[in-house]
Amino acid sequence: DRSSNGAAQGKILEEVCLKTWFQCSSIPKQCQGSVWQKADYVLSVYYWQVGGDPLTNCYYDGAATFVPSAVYRDWDSTCVVTKNPTTTPLTDEGYQAILSLKNDALTEVFFDRVIRHELGASVKDMAMLKAFSATPPSSMYDVRRLLSGAAWVCAGSTGRSCSASANDALAWRKYAFISIGVLVVLALLGTASYVMCFRGSSTFSEWFGKQTSPKKLVSDVSSSDGE
């Protein structure tokens with residue numbers, strides 16, 4: 001609650017850090033600018049962990065407040081852990097909140113943010129991103145490691161070009177030449193077969209012509225009348 005004093009927020013941080021599995025020493029750098037940002041991060045992680053009624057579990061005598069995103073985004077849009085993949089911090093806590101939803105499409109949105117905002121990279125093959133999102137790693141460390149090394153992620157800190165590589169171009173030329181060679185061989189075989197068939201049909205025609213040419217028919221005319 002921005003209307004409470006900094007000392008109250010500091011006290012909350014000390015108390016919550018003893019209750020949650022989250023190590024408060026791991027608050028991301030972008031959320032260490034003020035006690036309010038630290039409290040935003042720690043309290044949102046804690047609420048995501050314990051759930052339930054916020055007025056019961058996260059009230060802290062009014063020093064904390066439970067408000068809709070339209071309100072807290074005006075205060076802080078980077079340090080509140082939520083289950084919204086478009087806004088939750090790109091940290092292990094933010095990732096675990098998304099993983100808990102067990103939704104491939106939402107996980108894909110989160111990974112796309114990691115690629116574009118952390119790696120400064122682009123997705124070369126969306127089908128591969130979908131497949132990666134269907135079997136997500138268990139930790140943010142592995143997410144960063146695997147996405148950094150993925151061949152379908154390019155540009156940015158990956159150092160990989162998004163255009164076709166020289167090897168791809170050489171492979172394309174290789175297969176093109178092979179295809180042309182196959183076509184030439186087939187054409188030659190077809191020509192040879194045609195010539196052989198033509199010659200064979202010519203010889204057969206000559207033989208058939210001789211057999212069917214007009215001839216004088218001779219018959220045995222001897223008959224019973226003696227002619």
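Owing to the predicted nature of the structure, the values given are computational and were not obtained by experimental measurement.

For the confidence of the model for the chain, give the residues involved together with the corresponding values.
Averaged over every residue, the pLDDT of the chain is 75; residues scoring 70 or more account for 57%. Low pLDDT, under 50, characterises residues 215–227; the stretch is placed with three contacts to residues that sit more than four places away or in other chains.

Outline the state of the cysteines, listing residues and values.
As enumerated under the stated definition, the model contains two disulfides in all. One disulfide bridge connects Cys31 with Cys79, the sulfur atoms lying 2.1 Å from each other. Between Cys31 and Cys79, the S-S dihedral sits near -105°, and the bridge is therefore left-handed. Separated by 48 residues along the polypeptide, Cys31 in the loop between helix 1 (6–19) and helix 2 (35–50) and Cys79 in the loop between helix 4 (69–75) and helix 5 (92–99) bring together distant segments of the chain. Given a relative accessible area of 0%, Cys79 falls into the buried group. Residue pairing for Cys154: its cysteine sulfur links by disulfide to Cys162, the two sulfurs lying 1.9 Å apart. A torsion of 100° about the S-S bond marks the disulfide between Cys154 and Cys162 as right-handed.

Any chance you could break down unusual backbone geometry for me, citing the residues and the numbers?
Positive phi values are uncommon outside glycine, yet Lys102 reaches one of about 55°. Within the secondary structure, Lys102 sits in the loop between helix 5 and helix 6 (104–118). Judged by its relative accessible area of 76%, Lys102 is exposed. Unusually for a residue other than glycine, Ala155 sits at a positive phi of about 70°. Its location among the elements puts Ala155 in the loop between strand 2 (153–154) and helix 9 (166–212).

Give me the packing of aromatic side chains: which residues, what numbers.
Scanning the entire structure with this criterion turns up five aromatic pairs. Here the aromatic rings of Tyr95 and Phe110 are separated by 5.5 Å at their centres, their planes lie at 25°, and the arrangement is stacked. Of the two residues, Tyr95 sits in helix 5 while Phe110 sits in helix 6, which places them 15 residues apart along the sequence. Members of the aromatic cluster, connected to one another through ring pairs, are Tyr95, Phe110, Phe111, Phe132 and Trp152.

An account of the environment of Tyr46 is needed here, citing residue identities and associated values.
Within the fold, Tyr46 resides in helix 2. For the pair Tyr46 and Cys17, spaced 29 residues apart in sequence, the C-alpha to C-alpha distance is 8.6 Å.

Explain the packing of helix 5 against helix 6 to me, and be specific about the residues and the numbers.
Running from N to C, helix 5 and helix 6 cross one another at 160°; their axes reach a closest spacing of 9 Å. Between helix 5 and helix 6, the angle is such that the two are roughly antiparallel. Seen along the crossing, helix 5 lies across helix 6 with a hand that is left-handed. Within the contact between the two elements, helix 5 uses Gly94, Tyr95 and Ile98 and helix 6 uses Leu106, Thr107, Phe110 and Phe111.

Could you give me a rundown of the side chain of Ser133, with the residues and numbers involved?
Checked against the element boundaries, Ser133 lands in helix 7 (residues 126–134). Of the polar contacts made by the side chain of Ser133, one reaches the backbone oxygen of Leu129; its length is 2.8 Å. Every residue in contact with Ser133, bar those within four places of it in the chain, is listed here: Asp104, Thr107, Glu108 and Phe111.

Rules of the game
- One numbering rule holds for all chains: residues counted from 1, following each sequence as written.
- A pLDDT threshold of at least 70 governs which residues receive local features in this predicted model, and a stricter bar of 80 or more applies before side-chain atom pairs are shown or counted, although totals over entire chains, interfaces and linings include all residues.
- Working from all heavy atoms in the structure, the side-chain values ignore hydrogens and water.
- What pLDDT conveys is the predictor's confidence in a given residue, as a value from 0 to 100.
- Whether two residues are in contact is decided by their heavy atoms: any pair within 4.5 Å suffices.
- Note on terminology: disulfide denotes any pair of cysteine sulfur atoms within 2.5 Å.
- Secondary structure follows DSSP: runs of H or I at least 4 residues long count as helices, runs of E at least 2 residues long count as strands, and numbering of each begins at the N terminus.
- Exposure classes here rest on a 1.4 Å probe applied to the protein chains alone. A residue is buried below 20% of its type maximum, exposed above 50%, and partly exposed in between.
- Planes of paired rings set the category: under 30 degrees apart is stacked, over 60 is edge-to-face and the rest tilted, where pairs are Phe, Tyr or Trp rings (Trp by its six-membered ring) whose centres lie within 6.5 Å.
- Note on method: axes are straight lines fitted to C-alpha atoms, helices fitted across the in-contact stretch only, with angles between N-to-C directions ranging 0 to 180 degrees.
- Just so you know how the angles are binned, under 35 degrees is roughly parallel, over 145 roughly antiparallel, 65 to 115 roughly perpendicular, and the rest oblique.
- If you view the pair so one helix is near and one far, a crossing is left-handed when the near helix is turned anticlockwise from the far one by less than a right angle, and right-handed when it is turned clockwise.
- For this analysis, a polar contact is any N or O atom pair within 3.5 Å, provided that within protein one partner can donate a hydrogen and the other can accept it, and provided that sequence-adjacent residues contribute only side-chain to side-chain pairs.

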